[in-house]
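Now for the letters of each chain:
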Amino acid sequence: MLVICILRRAFFLSCVSASISGDTGVIHVLESEADLEWPLSKGPNPPYMVLLESSLFTKSIMMKMKNASSRVAGVVVVPKTSPREFSPHTTCPNENTGVYTETYDSNLAHCNQTVWNPRGNGLSYEEFDFPVFSLKEDNETEVIKQCYFDHNRVVNGSGPQYPLCAMQLFSHMFAVTDTATCMRRSNIDFSSSPVMVCDPLGGYNVWAFIRPYNSTAFGHKENESVVIAAARLDSRAFFLQDSTGAEGSVSGFVTLLAAAQALRQATQEAPPTRNILFAFFHGEVFDYIGSSRMVYNMKNNKFVIDLDNVHSILEIGQVGVRSGSNLFLHSDPVSRRNNTVDDEVTNLVNNLHSSTAGLNFSFVESGFSQPLPPSSFQRFLRARAIPGIVLADHQTAFNNRYYESFYDNAAHLNLTYPSNLSPEEQLEFVTDTAKSLTEVATAVARALFKQAGGNDSQVNNINADPKTVTQMLYGFLVRSNNSWFQAVMAPELKDVLQPNPPQYYVGVAKSSHQANALTYLVQYLLANLTGTATNLTQSQCKKPDELPNESTYVYSYLWVQGMVPPNSTQRESFCVRTAVRRVMAVSPAFDLGDYVSKEYSTWTESQRKFIKARIFLVASRDLEMMTLGVGVAVLFTSLLVTYFVSTKADVLFSAVREPANAAY
């Protein structure tokens, strides 16, 4: 796995770009930080290809190698045990695109009051002149290490003898300078097949109303008031494709999915006076791509409601790592200076407090003067003062010790299973983490129902399902290819399910209406948890507009595989009628052509050639020079011989003529 070049408006970030012909270096296995002296100064055979385990993958070591990059050809990281803490993100995530600017409130800008991610070392925002790979295959790691021990290991301070074991990494990136330059070059069309240098980051948002609107009727809805329940989907890590985001994103959106399911029956039996919009935003790690797109669409009458229809917002943040029995309610102190906003925030807080009756935790308000943590809600506040709460397990700094790193995984959420269980038994095993998040989902669902004006008599009947939560946690953090995920997916999408978690990096925006695995999973799960199973056939499900009382303007129709009944090999497939929609989430900056925008995200990803690596033995410099000298000598000798033969050809190759009158 390679670190990929990503850029934004002013500069390269998290970029590693090898030369076109690849980078080659003598392998050195780093066993401690003290071993750096050999590749960085003492070693007689630079440049070196440094192999290190994840415990040594620190900001300190990486910066030392960056500062001596002429002696480092590349770095290969082998993930092993998790350190006590590690966050390669910044201390103030998304600080330049949230609501807290110098004009909004200078005292709250740039995390002046609360440093949310104090463990952040900013490693993901460094540019390196050499490639950095993550190597997961144990067999490949052992081959490289054995080659090093056989040929390269330093013994008693003396250098190894030739031949030496070397590695070559191929990972050339096409991007240059910054997003503005990169996009300008991509848009220059010199031929019928222009070369794309970089692509905008982006994916798809997933959303659904409990009472759907006509999806083609955009703009303001008279006499309609909507409560938005939001969570983010994506995560990132230093190695982007290794992003898992167990605490960072999964704990939040799994809780919201479970809350949506818990609300299904209550909202059908006793519909609340206000509508509820479940919104799952993609690309939030990269300056709020998904929420920026929704707000932009609302402001420009490109969404089914506008900002004036939004009554309030409840966002589910990081809720999987509680340090006690409390979860914290964060609100914006600036907008609450408006009495109307403050009254509605107070009402939402009261609804949340009362929703924990009978549960094993409590909601506690964070300090009134404290700003919001990094959240999608901030993008809505940039457009309009809207009442809202962000729910999180931290009062000030994140509890997440691995924020935006590949260690924020299932183990970080203590998602463990008895060793004697099969994969299917693990899928059904209700973990303590699942029980905890189920209670949070129950409280969220009840509070949303109250906030939407629902009947209090229905509240105690709203309960999230721990089995659903444990299945989602298993599918999103352990193994997406399981029987439940198979059942809720479309037959043509079965290949997105893998024997590992889906990828949480948002990736590049695709114009072919293809989403990534994570988006499809959330879309189909939300559809199955909130939709209705119909009796439509597969052909009718594909063309429901041909039937009376069915409309694709109001609903989506998804044909799913269904479960395999006992004693059968055939799935019981069916059609789901749902209000769930999937819409493109790309920063408005790329629609506007404003590649240096300070308002919207301008992240892009570099195009790249093939990625591969190889190891081989390399001879000494003296032997190489001797071989070259012999080769040159042979060449000149061959030229002289060829010249001599050519000039004397008439003598050397002449034929003796026989007399004309010869007789036989």
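Residues numbered from 1 in each chain as written. Predicted model: local features only at pLDDT ≥ 70, side-chain atom pairs only at ≥ 80, totals over all residues. Heavy atoms only, no water.

Naming follows an unreviewed UniProt entry, where the chain appears as Nicastrin of Hucho hucho. If you open the UniProt record of the chain and go to Sequence similarities (unreviewed entry), you find "Belongs to the nicastrin family." Turning to the chain, the UniProt annotation filed under Subcellular location (unreviewed entry) states: "Membrane". (UniProt positions renumbered as here; feature names shortened; annotations may be inferred.)

Peer 1: Break down the overall build of the chain for me, citing the residues and quoting the values.
Peer 2: Scanning the chain from N- to C-terminus turns up 18 helices and 23 strands. Along the longest, intermediate and shortest principal axes, the C-alpha atoms of the chain span 125 × 70 × 55 Å. Considering the chain as a whole, with its 664 residues, one finds that 54% of them fall into the buried category. Within the chain, contacts between residues separated by at least 24 positions form 78% of all contacts whose residues are at least 6 apart in sequence. Here the chain has roughly 28,600 Å² of accessible surface; of this, 50% comes from carbon and sulfur atoms. (Helix = DSSP H or I, 4+ residues; strand = E, 2+ residues; numbered from the N terminus. Buried < 20%, exposed > 50% of the residue type's maximum accessible area, 1.4 Å probe, protein only. Contact = heavy atoms within 4.5 Å. Areas by Shrake-Rupley, 256 points an atom, 1.4 Å probe, with all protein chains shown as cover.)

Peer 1: An account of helix α7 (residues 289–299) is needed here, citing residue identities and associated values.
Peer 2: The buried fraction of α7 amounts to ten of the eleven residues, a majority that puts the element mostly inside the structure. Considered for burial, the residues of α7 that qualify are I289, G290, S291, S292, R293, M294, V295, Y296, N297 and M298. Phi turns positive, to about 55°, at N301, one or two residues after α7.

Peer 1: Explain the pattern of salt bridges to me, using residue names and the numbers behind them.
Peer 2: Note on pairing: side chains with opposite charge can pair once their charged atoms come close. Within the structure shown, the criterion is met by 19 salt bridges. Members of the salt-bridge network, linked through shared partners, are K59, K66 and E126. (Salt bridge = Lys/Arg side-chain N within 4 Å of Asp/Glu carboxyl O.)

Peer 1: Can you lay out the state of the cysteines for me, pointing to particular residues and giving the numbers?
Peer 2: Scanning the entire structure with this criterion turns up four disulfides. Paired through a disulfide, C92 and C111 show a sulfur-sulfur distance of 2.0 Å. Here the disulfide of C92 and C111 is right-handed, its torsion about the S-S bond being about 85°. With C92 in the loop between β6 (72–78) and α3 (102–105) and C111 in the loop between α3 and β7 (127–128), this pair connects stretches of sequence that are 19 residues apart. Accessibility classification places C92 together with C111 in one group, the buried group. (Disulfide = S-S within 2.5 Å.)

Peer 1: Hey, could you go over the confidence of the model for the chain for me, with residue numbers and the actual values?
Peer 2: On average, residues of the chain carry a pLDDT of 91, and 94% of them reach 70 or more. Here residues 10–14 is a poorly scored stretch, pLDDT under 50, and it has 27 contacts once near neighbours within four places are set aside; other chains count. (pLDDT = per-residue confidence, 0-100.)

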